[in-house]
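Each chain, written out:
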Amino acid sequence: MKLRIGILGTRGIPNYYGGFEHISEYVSEGLVKRGHSVTVYNSHNHPYSASTWNGVTIKHCYDPEYRIGTAGQFIYDMNCLLDARKQNFDVVLLMGYTSSSIWGKLYPKNSTIITNMDGLEWKRSKYSKPVQQFLKYAEKLAVKYSDYYISDSKVIRSYLAEKYAINSQYIPYGADVYTEAEREQFTYTEATKEDYFLLMARMEPENNIEAILDGFNSSNSNRKFKVLGDTANRYGKFITHKFANDSRIEFKGSIFDNNRVRALQNNSYLYFHGHSVGGTNPSLLEAMASEALIAAHDNPFNKSVLSSDAFYFSNAEGVKNLVENVQRKDIEKTMVRNNLQKIQYQFNWEKVVDEYEDFILQCYGQLNHERIITGQR
């Protein structure tokens, strides 16, 4: 069965922003290769302006976020939904719910609605109490107006089952293993083997960037610490100012050259992953796939992916201890090898796309069968 599928809720593809854009690239292209007709909605401000991408139809919708801030996200999602109502999609896949679920009554009535339930957005410390309350409300609306649900983390799946008594399909993100061609392709002097620590994240409090850099700052390490991520926001400016006097810390900004990022991950002495909220984080999987030795914030999300194949920290003192004491020995090589096997067998993109296709087909068939029986079609 070949379906018409619309993917909404991202800023667009190819990815210039984050996790949902990253997975939408792979899933949309993979579904097209499997014979489906797929449309992805892009912000009209997206750098990619063509009407197709690798066989995927691109729909550009007006997005006023650049003019009016966060409120513009709600208008953009409404514009996407209004267009989707005209397209006769068999399935609408919503990536997240933050600014779309309030428009639940606009969801296309004859489409099967599947929502990827994101990563407990209301827990993010960057949000004020009123915003966190709104996000809880948006989560509740997403449950109400969607037909089926996807969780990219087993922790989120358990939360949704307990909170709303709903079954969600666990489908994580994916990553590609680090190839020999990539290994030989890059000879950047900045990626000299194991002479630096590395962190890659959005500049947000819940990613524990301050605690990680506090720990490193107080250490006696002679290595550099490279930080990848856009520092233009308020928190990013705070972080760069706080650690401006530590010449060992290098803020490299955002790097969208994936091969270069993977080379930096592969060659790092220790890769710090500070994310404490969210599902299966794409940058963590990329680090695992790039054969990085990982130190992760101690929380259920990270442990559900890494298990015992990482070092863990909870605060700056824990980071300092790792910076000063981790040695690259056989046990560390075992951690790297085990994480690579997880990518090959649990988190590879072909498996992820297969699981998306299987679930989409299952949901579409089940809902249409129910509609026929109840006379809705």
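Everything below is about the structure printed above this text.
Chains are numbered independently. Their residues run from 1 in the order of the written sequence. Since the coordinates come from a predicted model, pLDDT governs what is reported: local features require at least 70, and pairs of side-chain atoms require 80 or more to be given and counted, while whole-chain, interface and lining totals use all residues. Hydrogens and waters are ignored; side-chain quantities use all the structure's heavy atoms.

Student: Got a minute to help me understand the packing of aromatic side chains in this structure?
Tutor: In this description, an aromatic ring pair is defined by two values, namely the gap between the centres and the angle between the planes. Stacked, edge-to-face and tilted are the three classes for Phe, Tyr and Trp ring pairs, Trp counted by its six-membered ring, which pair at centre distances within 6.5 Å; planes under 30 degrees apart are stacked, over 60 edge-to-face, the rest tilted. All told, the structure shown has 14 aromatic pairs when counted by the stated rule. Considering the side-chain rings of Phe197 and Tyr269, the 5.9 Å spacing of their centres and the 85° angle between planes classify their relative orientation as edge-to-face. Of this pair, Phe197 sits in strand S9 (residues 196–200) while Tyr269 sits in the loop between helix H9 (258–267) and strand S12 (270–273), and the two are 72 residues apart along the sequence. For the pair Phe197 and Tyr269, one class covers both residues: buried. One aromatic cluster is present, formed by Phe197, Phe216, Phe225, Tyr269, Phe272 and Phe313 through successive ring pairs. The ring of Tyr269 carries the charged tip of Arg223 above its face, separated from the ring centre by 3.7 Å. Numbered from the N terminus, helices here are DSSP runs of H or I no shorter than four residues, and strands are runs of E no shorter than two. Note on classification: 1.4 Å probe, protein chains only; a residue is buried when its accessible area is under 20% of the maximum for its type, exposed when over 50%, partly exposed between these limits. Definition used: whenever NZ (Lys) or CZ (Arg) falls within 6 Å of the ring centre and also within 35 degrees of the ring normal, the charge is taken to sit over that ring.

Student: How should helix H7 (residues 209–217) be read in this particular structure?
Tutor: Since the α-helix packs 3.6 residues into each turn, any two residues three or four apart lie on the same face. Those residues of H7 that sit buried are Ile209, Ile212, Leu213, Gly215 and Phe216. Angular distribution of buried residues about the axis of H7 spans 155°; they occupy a single face of the element. Note: the arc covers the axis-to-C-beta directions of the helix.

Student: So what exactly am I meant to see when it comes to the sheet that holds S9 here?
Tutor: To summarise the sheet geometry, strands pair through backbone hydrogen bonds and adopt either a parallel or an antiparallel arrangement. Here, strands pair whenever DSSP counts at least two bridges between them. Read from one edge of the open sheet, 6 strands run S11-S10-S9-S12-S13-S14, paired in parallel fashion. Edge positions in the open sheet fall to strand S11 (249–253) and strand S14 (311–313), since each of these has one partner strand only. Pairwise comparison of adjacent strand axes, ignoring direction, gives a mean angle of 25° for this sheet. The pairing of S9 with strand S10 (residues 224–228) spans 5 bridges and is parallel. Bridging across to S10, Phe197 finds its partner in Phe225. We call two residues in contact when some of their heavy atoms are within 4.5 Å. For helices, the fitted axis covers only the stretch in contact; all axes are lines through C-alpha atoms, and the angles between them, taken along N-to-C directions, range from 0 to 180 degrees. Against the sheet, H7 makes contact with S9, S10, S11, S12 and S14, and its axis sits at roughly 170° relative to S10, the strand it touches most. Set on the sheet, helix H12 (residues 316–325) makes contact with S9, S12, strand S13 (294–297) and S14; between it and S14 the angle comes to about 150°.

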